[in-house]
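Single-letter residue listing:
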Amino acid sequence: MIDGDVNISSRAIPFLINKFKDSSVGAVTGRPISLEPKNLMLGFWSHLLTDSSQYKGKEDKRRKNGYLFMLPL
């Protein structure tokens, strides 16, 4: 599930589906990356929100010894 204003790379779906070859994988996700230039006001806020939310989620899971596992790209 994604927002309507998100563009998906043509490489994303095969990359995500390929992860299911590992029987221990039950779910996969991508990471939103803003394509707006950081030097514009909306681009600045877009990068700030997407980057900070990703960092916060990872940090919270790490502190709680959570279930988040990062696979190399």
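Reading the values: the criteria
Residues numbered from 1 in each chain as written. Predicted model: local features only at pLDDT ≥ 70, side-chain atom pairs only at ≥ 80, totals over all residues. Heavy atoms only, no water. Helix = DSSP H or I, 4+ residues; strand = E, 2+ residues; numbered from the N terminus. Buried < 20%, exposed > 50% of the residue type's maximum accessible area, 1.4 Å probe, protein only. Areas by Shrake-Rupley, 256 points an atom, 1.4 Å probe, with all protein chains shown as cover. Patch = residues over 30% accessible without salt bridge, like charges linked within 9 Å, V, L, I, M, F, W, Y side chains within 5 Å. Salt bridge = Lys/Arg side-chain N within 4 Å of Asp/Glu carboxyl O. Phe/Tyr/Trp six-rings, centres within 6.5 Å; stacked < 30°, edge-to-face > 60°. Contact = heavy atoms within 4.5 Å.

*Asks:* Can you help me understand the overall build of the protein chain in this one?
*Replies:* Across its full length, the protein chain holds two helices and zero strands. Looking at the 73 residues of the protein chain, the share that counts as buried comes to 10%. Counting every atom, the protein chain has about 6900 Å² of accessible surface; 62% of that belongs to carbon and sulfur.

*Asks:* So what exactly am I meant to see when it comes to a nonpolar patch on the surface here?
*Replies:* A surface patch of nonpolar side chains, amounting to about 690 Å² of accessible area, comprises Met41, Leu42, Phe44, Trp45, Leu48 and Leu49. Along the polypeptide, Phe44 turns up in helix 2 (residues 41–63). By relative accessible area, which is 43% here, Phe44 ends up partly exposed.

*Asks:* Help me understand the environment of Leu35 in this model?
*Replies:* With respect to the element layout, Leu35 can be found in the loop between helix 1 (12–18) and helix 2. In this structure Leu35 comes out as exposed when scored by relative accessible area, which is 76%. Each C-alpha atom, one on Leu35 and one on His47, is 8.5 Å from the other, the two residues being 12 residues apart in sequence.

*Asks:* Whenever I open this one, the packing of aromatic side chains confuses me. Can you help?
*Replies:* Two aromatic rings are characterised by how far apart their centres lie and by the angle between their planes. What the rule picks out here adds up to one aromatic pair. Ring centres 5.5 Å apart and planes at 80° place the aromatic pair Phe44 and Trp45 in the edge-to-face group. Given a relative accessible area of 46%, Trp45 falls into the partly exposed group.

*Asks:* Whenever I open this one, the side chain of His47 confuses me. Can you help?
*Replies:* Take His47: it is sitting in helix 2. Overall, the relative accessible area of 13% leaves His47 in the buried class. For His47, the residues in contact, after removing those within four places along its chain, are Ser34, Glu36, Lys38 and Ser52.

*Asks:* I'm lost on the environment of Leu16 in this one. Help?
*Replies:* Secondary-structure assignment places Leu16 in helix 1. Remark: the alpha-carbon pair of Leu16 and Ala27, spanning 11 residues in sequence, is separated by 9.2 Å. When near neighbours in sequence (up to four residues on either side) are disregarded, Leu16 contacts Val28, Thr29 and Gly30.

*Asks:* Explain the environment of Lys38 to me, please; I cannot follow it from the model alone.
*Replies:* Looking at where Lys38 falls in the secondary structure, it is placed in the loop between helix 1 and helix 2. Judged by relative accessible area, Lys38 falls into the exposed class, the value being 53%. C-alpha separation for the pair Lys38 and Leu48, spaced 10 residues apart in sequence, amounts to 8.9 Å. If near-sequence neighbours (up to four positions away) are discounted, Lys38 is found in contact with Gly43, Phe44 and His47.

Any link to function would need more than the numbers given here.
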